[in-house]
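Below are the chains, spelled out letter by letter.
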Amino acid sequence: MYRVVTTAGEVREYLLGATHVAFDFETAPLDPWRDDSKAALDPHRAQIVGVSFSIGEGDAIYVPLAHRAGRNADCWVFLRDWFAHSLAIKVAHNLAFESAFLYAQDVVLAPPCYDTIAAAQMTLKSNTQFRGLGDSGLKKLAHELFAFDMPSFDAVTNGRHFDELVPAEACDYACADADYTLRLYHKFNAWFDQWLPRHRWLVEHVESPTAVYCGIMKHNGLLVDDALMAQKAAEAEQKLEGLRQEIAFIIGDVKIGANASTSAFKRYLYNDLALPVPKTTAKMQEAIDDEALVLLAEYCARERPELVPLFALVQEYRRWGKVKSTYIDGYRKHVNTATGRIHADLLPLATETGRFAARNPNLQNMPRAGSDDVRVRNFFIAAPGNVLVSVDLSQIELRVGAFYCRDGRMLDTYRSDGDIHDQTAAVIFGAGAQNKEQRTIAKNVNFGTFYGLFPRGLQRTLKFKAGLDVTLAQCEQIIANLKAGYPALARWQAATVEQAARTRYSETWLGRRRYLPGIVSTDWGKKFFAQRCALNTPIQGTAADLLKLAMARILAGLPERPWLKPLLQIHDELVFEVPAAHVDEAVALVRQCMEAQPFPDFDVPILAEAAVGLRFGDMQEVKTDA
């Protein structure tokens, strides 16, 4: 039965004694943003209009809070306390959304909680494929799993905002959201218990707290220095125009487009200039990507030196075009007019290994400080009186790899606080190897060590990422020395691939599974890719799990520290905004949460390195006592 409830006593009576409760917020834009179609989803420009609760199948209540017509309930004080302290399992579909709206009311949603959209993505839609985010909408799942067609928002509102409905009109729509969320909770848990019990544990203890944390990060966002972005946009456009003119002086009126990748420019290179084709696309057409341009430039340096300036200009043109389109114009269009901040979507289940992705905009591909002329990270600043604090899990994938392969040298290096790059340089080149090139090679080898190194791939990595020309024979020797120096590594790799071939899947230490049907394919390309995934998933996926577990620990400390504002996750790094007076306390708490032993078996020390600054691109390392 669905019904409207308008007194705190009725709400309290309904929730009293419930062990698991599904809830869902209905929202509407505030007056200044009534004409913005997306404002209702933004806690800075919208408010909670009502909340529905369900404690049993087919049973739900709707509590109106801010309707413009009809009677509203005066029970927000009770609800705030319930969300912040209730021991009931609080279930929501897209917990990050509800978390963001609660955080806007100074409420950190208390555990235990459960995100059914995360659960959906941890269940299979076929024998070997997990649901994606696009397969996990509430209405889609209700139809697919319960043969129930939920009414659409447009059909219920008929062009109105939700707060313009009277509560009785809103009741069935809102209650169905909570009701079917609770049904999904039971449905998915029954599936987990039968087929993948460890995925249920991950949803309950890793992904659901992560969803709450993501909602808080999205709410807080990153403050933008818009004046600096505007200045850099003008500088970039001026730079691009100059490069366009220089390129046109060489090639005439050939249209190169925004990224020097037009068909006309390709024809100019391969037909008019008759340059050799160094690389083809998947469709066996002439490639014109960055790697192809590097190879063409090297050919011209040997055979057509008069063309060397052209390729230098085109590469520079492409680099500045990406900087402007992605990191200046692309970021500026996502600045929230109400806050002056960018509130990106953080997607904790967007990759098969469990690593985060981001969109609107993608802040995961933000270049590191020192690696770009524009210094993109300096676009993000702390509010007056505050500083940015960044804490990074140092070499976490290498530490996880050492934990997995159990190589004595690797373990000893980390346990004695040694330098793994120096150790690998010694393994490859012999004791005492310390010159810059050897260390650069060792670093690049380390980052591919656990995923299966092959001579030609290593050669390409060193060439295009490190700028080093190393022969194929030298790469073969490097890999042979690596395997001899880290004997447990090769044994682990062989055993891991063999096990994946038997089971057709790979897992993280905590049980996050990735199916690999291609590992028994007769197609060499598919089989090779699956074998690399078999090695990649335990390392990358377990590292991602460790960061999410750290987020859950930090989350538990937020109610007592309202000044600690999580802003962003980027790779193995967490970023916060804090008052300057609280820097030491913030660094100590976050490092403690990130360096804690994640599970009893993990016996490799974890190191979290902190940095502080007024701009994200000008962070200074925080020195800690040994």
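Just so you know, these numbers come straight off a predicted model, no measurement behind them.

A.B. asks: Can you break down the overall build of the protein chain residue by residue, with the values?
C.D. replies: Tallying secondary structure elements over the protein chain gives 21 helices and 18 strands in all. Its C-alpha atoms give the protein chain a radius of gyration of 27 Å, within 12% of the compact-globule value 25 Å for 626 residues. Dimensions along the principal axes, computed over C-alpha positions, put the protein chain at roughly 85 × 60 × 55 Å. Put simply, the protein chain has 626 residues, and 52% of those count as buried. Total accessible area computed for the protein chain in this model is approximately 27900 Å², and 51% of it derives from carbon and sulfur atoms.

A.B. asks: Can you tell me about the sheet that holds strand β7 (residues 222–224), naming the residues and giving the values?
C.D. replies: Ordered by their spatial adjacency, three strands build an open sheet running β8-β7-β11, and the pairing between neighbours is antiparallel. The open sheet has two edge strands with one neighbour each: β8 (341–342) and β11 (380–381). The pairing of β7 with β11 spans two bridges and is antiparallel. Paired with Leu 223 across the bridge in β11 is Ile 381.

A.B. asks: Describe the packing of aromatic side chains, naming the residues involved and giving the relevant values.
C.D. replies: Summed over the entire model, instances satisfying the criterion amount to 29 aromatic pairs. Both rings, one in Phe 153 and one in Tyr 173, keep their centres 6.2 Å apart while their planes meet at 70 degrees; by these two values the pair is edge-to-face. You can see Phe 153 sitting in helix α6 (residues 153–157) and its partner Tyr 173 sitting in helix α7 (residues 167–195), a full 20 residues away along the chain. Looking at Tyr 173, the relative accessible area reads 7%, which means it is buried. Residues Trp 524 and Phe 528 carry aromatic rings whose centres are separated by 5.0 Å and whose planes lie at 5 degrees to one another, so their mutual orientation is stacked. Taken together, the residues Trp 524 and Phe 528, both in helix α20 (residues 524–557) and four residues apart, mark about one turn of the helix.

A.B. asks: Can you break down the side chain of Thr 508 residue by residue, with the values?
C.D. replies: For Thr 508, the location among the structural elements is in the loop between β13 (505–507) and β14 (513–515). Relative accessible area serves as the criterion here: at 3%, Thr 508 is assigned to the buried category. Side chain to side chain, Thr 508 and Asp 545 meet in a polar contact 3.1 Å long. When sequence neighbours within four positions are dropped, the list of residues in contact with Thr 508 reads Tyr 404, Thr 537, Pro 538, Gly 541, Thr 542 and Asp 545.

A.B. asks: Account for unusual backbone geometry, naming residues and giving values.
C.D. replies: Residue Pro 112 follows Pro 111 across a cis peptide bond; omega there is 0 degrees. Checked against the element boundaries, Pro 112 lands in the loop between α3 (95–104) and β6 (113–115). Here the bond from Asn 360 into Pro 361 is cis, since omega is -5 degrees, no more than 30 degrees from zero. Among the secondary structure elements, Pro 361 is positioned in the loop between β10 (357–359) and β11. Notably, Asn 360 is not glycine yet its phi reads approximately 55 degrees, a positive angle. For Asn 360, the position within the fold is in the loop between β10 and β11. Phi angles above zero are rare outside glycine, and Gln 395 is one such case at about 50 degrees. Tracing the backbone through its elements, the reader meets Gln 395 in the loop between β12 (386–393) and α13 (396–405). With a relative accessible area of 25%, Gln 395 lands in the partly exposed category.

A.B. asks: Before we move on, can you summarise the sheet that holds strand β2 (residues 20–29) with the specific residues and values?
C.D. replies: The strands that make up a sheet are held in pairs by hydrogen bonds between backbone atoms, and each pair lies either parallel or antiparallel. Taken together, six strands build an open sheet; the order of strands is β1-β4-β3-β2-β5-β6 and the sheet is mixed. Lying at the two open borders of the sheet, with one neighbouring strand each, are β1 (2–4) and β6. Direction aside, neighbouring strands of the sheet carry axes that sit 25 degrees apart on average. Where strand β5 (residues 89–92) lies against β6, three bridges are found, and the strand directions are parallel.

A.B. asks: Please set out the pattern of salt bridges residue by residue, giving values where relevant.
C.D. replies: Per the counting criterion, the structure on display carries 50 salt bridges. Glu 57 serves as the salt-bridge partner of Arg 183, at 3.4 Å between the closest nitrogen and oxygen. On the criterion of sequence distance, the pair formed by Arg 183 in helix α7 and Glu 57 in the loop between β3 (46–56) and β4 (59–64) is long-range, its members being 126 residues apart. Exposure remark for Glu 57: the relative accessible area of 66% places this residue in the exposed category. Put simply, Glu 397 and Arg 355 hold a salt bridge, and the shortest N to O gap is 3.0 Å. Residue Glu 397 is found in helix α13, and its partner Arg 355 is found in the loop between β9 (345–347) and β10; the two are separated by 42 residues along the sequence. Beyond isolated ion pairs, a larger network of salt bridges with shared partners links Asp 31, Arg 34, Arg 68, Asp 163 and Glu 164.

A.B. asks: Can you lay out the nonpolar core for me, pointing to particular residues and giving the numbers?
C.D. replies: Ranked by internal contacts, the top residues of the largest apolar core, which has 181 residues, are Phe 53, Phe 83, Leu 269, Phe 380 and Leu 568. Filtering out sequence-adjacent residues up to four positions away, Leu 568 remains in contact with Met 217, Leu 222, Leu 346, Leu 363, Met 366, Glu 573, Leu 574, Val 575 and Phe 616. Core analysis: the second largest hydrophobic core is formed by twelve residues, Ala 28, Ala 170, Cys 171 and Ala 174 among them.

A.B. asks: So what's going on with the pairing of strand β15 (residues 565–570)? Residues and values would help.
C.D. replies: With five of its six residues buried, β15 lies for the most part within the structure. Pairing between β15 and strand β16 (residues 573–579): five bridges, direction antiparallel. Among the inter-strand pairings, Ile 570 is bridged to a residue of β16, identified as Glu 573. Connecting β15 to the next strand, β16, in antiparallel fashion are two residues, including His 571 with a positive phi near 60 degrees.

A.B. asks: I'd like a description of the packing of helix α5 (residues 138–146) against α7, backed by residues and values.
C.D. replies: Running from N to C, α5 and α7 cross one another at 60 degrees; their axes reach a closest spacing of 10 Å. On the basis of their axis angle, the class for α5 and α7 is oblique. The handedness of the crossing between α5 and α7 comes out as left-handed. Between α5 and α7, the residues in contact are Leu 138, Lys 139, Leu 141, Ala 142, Leu 145 and Phe 146 and Tyr 173, Asp 177, Tyr 180, Thr 181, Arg 183, Leu 184, Lys 187 and Phe 188, respectively. The residue inventory of the contact of α5 with α7, partitioned by class, reads nine nonpolar, one polar and four charged.

A.B. asks: Please provide a residue-by-residue account of the side chain of Glu 207, values included.
C.D. replies: Relative to the elements of secondary structure, Glu 207 occurs in helix α8 (residues 197–220). Of the polar contacts made by the side chain of Glu 207, one reaches the side chain of Arg 512; its length is 2.6 Å. In contact with Glu 207, other than residues within four places in its own chain, are Ala 118, Leu 202, Pro 348, Leu 349, Arg 512 and Lys 548.

The rules behind the values
- Residues numbered from 1 in each chain as written.
- Predicted model: local features only at pLDDT ≥ 70, side-chain atom pairs only at ≥ 80, totals over all residues.
- Heavy atoms only, no water.
- Helix = DSSP H or I, 4+ residues; strand = E, 2+ residues; numbered from the N terminus.
- Rg over C-alpha atoms; globule rule 2.2 N^0.38 Å.
- Buried < 20%, exposed > 50% of the residue type's maximum accessible area, 1.4 Å probe, protein only.
- Areas by Shrake-Rupley, 256 points an atom, 1.4 Å probe, with all protein chains shown as cover.
- Pairing = 2+ DSSP bridges.
- Phe/Tyr/Trp six-rings, centres within 6.5 Å; stacked < 30°, edge-to-face > 60°.
- Polar contact = N/O pair within 3.5 Å; in protein donor to acceptor, adjacent residues only side chain to side chain.
- Contact = heavy atoms within 4.5 Å.
- Axes fitted to C-alpha atoms, helices over the stretch in contact; angles between N-to-C directions.
- Salt bridge = Lys/Arg side-chain N within 4 Å of Asp/Glu carboxyl O.
- Core = buried A, V, L, I, M, F, W, Y, C linked by side-chain atoms within 4.5 Å.
- Parallel < 35°, antiparallel > 145°, perpendicular 65-115°, else oblique.
- Left-handed = near helix turned anticlockwise from the far one by under 90°.
- Nonpolar A, V, L, I, M, F, W, Y, C, P; charged D, E, K, R; others polar.

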